[in-house]
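Examining the three-dimensional arrangement
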Amino acid sequence: MAAADHFDVLIIGAGISGIGAACHLTRECPDKSFAILERRQAIGGTWDLFRYPGIRSDSDMYTFGFAFRPWRDTRTLADGASIREYVRDTAAEHGVDDHIRFGVKVERASWSTAAGRWTVETVDEAAGESHTYTADFLLGATGYYNYDAGYRPEFPGQERFGGQVVHPQHWPEDLDYAGKRIVIIGSGATAVTLVPAMADSAAHITMLQRSPTYIVSLPAVDAIAEQLGKRLPDALAYKLARAKNVAVQRASYALARRKPDLMRRFVLRGAEKQLAGASDIANFTPTYNPWDQRLCVVPNGDLFRTIREGGADVVTDAISTFDETGIQLESGTHLDADIIITATGLDVQMVGGAQLIIDGEPLQLKFKVTYKAVLVEDVPNAAIIFGYTNASWTLKADLAAVYFCRLLKHMDAHGHTQFVVHATDADRADESALSALKAGYVQRGNDRLPRQGTHGPWKVTNDYLRDIPTMRRAAIDDGVLQFTDAPRATPDDEPTRTPAAQSA
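Right, let's walk through the structure included here. Every value quoted in this text rests on a predicted model; they were computed, and no experiment measured them.

Each helix and strand in the protein chain was counted, giving 12 helices and 26 strands. In terms of overall size, the protein chain behaves like a compact globule, its C-alpha atoms giving a radius of gyration of 24 Å where 504 residues would be expected to give roughly 23 Å. In terms of overall dimensions, the protein chain has a C-alpha envelope of 70 × 50 × 45 Å along the principal axes. Burial status across the protein chain gives 56% buried among its 504 residues. Restricting the contact set of the protein chain to residue pairs at least 6 apart, pairs at least 24 apart contribute 72%. For the protein chain, the computed accessible surface area is about 21000 Å², with 50% contributed by carbon and sulfur atoms.

See the structure below:
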């Protein structure tokens, strides 16, 4: 068997998390060799996968962009193509695109304490060829959902429907919806994006929801950021706009947690004003408190405008059955449809579905608690990039990558070769690491997610301002993280090491 390629660090995933982590490595640990294993044939992750009409960020781009590279557009919420270009340009600017192995699916990652390294078994799906990599450190940057299939419930009678049924995660390039009657099942970010994006061409759109979501209108252009950009250098303007938006995010989230009734009234008054009587406000009044699930944001109220203009309506009801011409609701109403779009959410999956093995024993993440939401108990020399659920994903992804680089530099400075964290029963809670979010996909995926902690570094705070000192400045050797100086594999056992400059 051919020798495996060996790297100091293997990153799984070339989306916004993986590219961000790789850029941090090149900036902060330039002596480390690394490779990025990406199953798809392009950079971008989520932003390369999703191609449905109108796809855009649901966080403002001044906090969703990388801390180290300014977002130079003034749009608050950017379209998918622009985000994809931003991630690709960032990779090229930092030279990390040369380190990516495309079309590589990671099937198994095995840690050996005796050898002090990870062995990662992969397959080139196009060629059907297997290949093995080894690494001193493993970094999972695959997000937390299954790219192969989104979540779609089994609806009664769906086989009878005479039109097309489409899930947004796999949007057909040739889907012609001009002049068609469309029902979109769902009320989350995808559904509220699709409605205004498709309304100009479709005959009519109905957004069918089982329960409402809080929807907030934001200006399409960040006026303060725009003015800063006219008066200050790009880097400084971006830093100030980012700080402003972080403060607004944290203040609104804190208010929602402390005074949910006040925030609820504020959001509903805004929706009622935008609707101007075009839809019953009950269709926009959830039973839960704001930020129990993510708020949906719409630029310049585009969803509300589409409803006001008669291009779409919202129906809150339960599905009785699909039939030949549409959907029969439990209320007795029938929704005629030519196309049904099931914007019903994600299917949770960790590490891209790869099997993890620690010293010969399969690892079940659902029994493990995270440390600083980056490391996982009893998993040596590995980290995961897990973004925020109550703010921009990239805020925490950036901090996680910074912490990982600090950890590597600490180990080099002290001659350590392995790290691991061990939790006690008192450190571990029953809830998942995403327990602060009550979204359906989190509840469905509870048995696939690592656990929440009860205190200290085990507890996931989802608080950027509190995480900054913890991740950027707090001591690495905190008495919880354990280090060993065990030698790695002997030279006779060592596979071919690939220098950083030749890692692609």
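Back to the text.
This part covers empty space enclosed by the protein. Going through the model one piece at a time under the given rule, you end up with 5 cavities of 30 Å³ or more. In this structure, the largest cavity spans a volume of roughly 120 Å³. If you go around the largest cavity, you meet 15 residues; those closest to its centre are Leu356, Val379, Ala382, Ala383 and Ile384. Elements represented by at least two residues in the lining of the largest cavity include exactly strand S6 (129-140), strand S20 (375-376) and strand S21 (382-384).

Turning to the pattern of salt bridges, a few remarks are in order. This model, assessed by the stated rule, comprises 27 salt bridges. Aspartate 292 is paired through a salt bridge with arginine 257; the nearest N and O atoms lie 2.8 Å apart. Of this pair, aspartate 292 sits in the loop between helix H8 (260-275) and strand S11 (296-299) while arginine 257 is found in helix H7 (residues 234-258), placing the two residues 35 residues apart along the sequence. Salt bridges here are not isolated pairs; linked through shared partners, they connect Arg40, Asp48, Arg51 and Arg88.

Here the focus is the packing of aromatic side chains. As enumerated under the stated definition, the model contains 22 aromatic pairs in all. A centroid spacing of 6.0 Å and a plane angle of 50° characterise the contact between phenylalanine 50 and tyrosine 145, whose relative ring orientation is tilted. Of this pair, phenylalanine 50 sits in the loop between helix H2 (46-49) and helix H3 (61-64) while tyrosine 145 sits in the loop between S6 and strand S7 (164-166), and the two are 95 residues apart along the sequence. Exposure class is identical for phenylalanine 50 and tyrosine 145. Each is buried. Ring geometry for tyrosine 253 versus tryptophan 291: centroids 5.7 Å apart, planes at 70°, classification edge-to-face. Highlighted residues: tyrosine 253 in helix H7 and tryptophan 291 in the loop between H8 and S11, separated in sequence by 38 residues. Here the two residues tyrosine 253 and tryptophan 291 agree in accessibility, since each one is buried. Put simply, the rings of Phe50, Tyr52, Tyr145 and Tyr147 touch in pairs and so form one group of aromatic residues.

For the rest of this paragraph, the subject is helix H5 (residues 189-199). Among the 11 residues in H5, 8 count as buried, and that is most of the element. Within H5, burial applies to Ala191, Val192, Thr193, Leu194, Val195, Pro196, Met198 and Ala199.

On to the nonpolar core. For soluble globular proteins, the rule of thumb is that nonpolar side chains tend to be buried together. Grouped together as the largest cluster of nonpolar side chains are 135 residues, with contacts concentrated most on Ile11, Ile19, Leu375 and Leu481. No other element matches helix H10 (residues 393-414), which puts 12 residues into this core. When neighbours within four sequence positions are excluded, leucine 481 is seen to be in contact with Tyr371, Leu375, Tyr403, Leu407, Phe419, Val420, Val421 and Ile476. The next biggest cluster of nonpolar side chains, apart from the first, holds 13 residues, and it includes Phe161, Ile185, Leu335 and Ile340.

To continue, consider the packing of H7 against H8. Following both chains from N to C, one finds H7 and H8 inclined at 120°, their axes separated by 5 Å at the closest point. Taken together, the axes of H7 and H8 lie oblique to each other. Residues Ser252, Leu255, Ala256, Arg257 and Arg258 of H7 form the contact with H8, whose participating residues are Pro260, Leu262 and Met263. Per-class residue counts for the contact of H7 with H8 are 5 nonpolar, 1 polar and 2 charged.

The next subject is the sheet that holds strand S15 (residues 334-336). Either a parallel or an antiparallel arrangement is found when strands of a sheet pair, and the pairing is made through backbone hydrogen bonds. Strand order in the open sheet formed by 3 strands is S13-S14-S15, with antiparallel pairing between adjacent strands. Looking along the sheet, the strands with just one partner apiece sit at the ends: strand S13 (319-323) and S15. Across the sheet, the mean angle from the axis of one strand to that of its neighbour is 20°, orientation sign disregarded. Bridge count between S13 and strand S14 (residues 326-329): 4 bridges; the pairing is antiparallel. Counterpart to threonine 321 in the pairing with S14 is glutamine 328.

In this structure, proline 212 sits in the loop between strand S9 (204-209) and strand S10 (215-218). Proline 212 gets classed as buried once you look at its relative accessible area, which sits at 8%. Remark: the alpha-carbon pair of proline 212 and aspartate 60, spanning 152 residues in sequence, is separated by 22 Å. Residues in contact with proline 212, not counting those within four places in the same chain, are Ser187, Ala282, Asn283, Phe284, Thr285, Pro286, Tyr288 and Thr316.

Moving on: the pairing of strand S22 (residues 418-421). Side chains of S22 alternate between two faces, with Gln418 and Val420 and Phe419 and Val421 buried alike. Taken together, the 4 bridges between S22 and strand S25 (residues 481-484) define a ladder with antiparallel strand orientation. Looking across to S25, one finds that valine 420 is bridged to glutamine 482.

One way to put it is that helix H1 (residues 16-28) packs onto H10 with a least axis distance of 9 Å and a crossing angle of 35°. The hand of the H1/H10 crossing is right-handed. When H1 is examined against H10, the residues Ile16, Ser17, Ala21, His24, Leu25 and Glu28 are found in contact with a partner set consisting of Trp393, Thr394, Ala397, Asp398, Ala401, Val402, Cys405, Leu408 and Lys409. Looking at the contact of H1 with H10, its residues break down into 9 nonpolar, 3 polar and 3 charged.

Parameters and conventions
- Residues numbered from 1 in each chain as written.
- Predicted model: local features only at pLDDT ≥ 70, side-chain atom pairs only at ≥ 80, totals over all residues.
- Heavy atoms only, no water.
- Helix = DSSP H or I, 4+ residues; strand = E, 2+ residues; numbered from the N terminus.
- Rg over C-alpha atoms; globule rule 2.2 N^0.38 Å.
- Buried < 20%, exposed > 50% of the residue type's maximum accessible area, 1.4 Å probe, protein only.
- Contact = heavy atoms within 4.5 Å.
- Areas by Shrake-Rupley, 256 points an atom, 1.4 Å probe, with all protein chains shown as cover.
- 1 Å grid on protein atoms, 1.4 Å probe; cavity = no way out; pocket = protein on both sides within 12 Å on 5 of 7 lines; lining within 4 Å.
- Points joined across faces, edges and corners; volume = space filled by probe spheres on them.
- Salt bridge = Lys/Arg side-chain N within 4 Å of Asp/Glu carboxyl O.
- Phe/Tyr/Trp six-rings, centres within 6.5 Å; stacked < 30°, edge-to-face > 60°.
- Core = buried A, V, L, I, M, F, W, Y, C linked by side-chain atoms within 4.5 Å.
- Axes fitted to C-alpha atoms, helices over the stretch in contact; angles between N-to-C directions.
- Parallel < 35°, antiparallel > 145°, perpendicular 65-115°, else oblique.
- Nonpolar A, V, L, I, M, F, W, Y, C, P; charged D, E, K, R; others polar.
- Pairing = 2+ DSSP bridges.
- Left-handed = near helix turned anticlockwise from the far one by under 90°.

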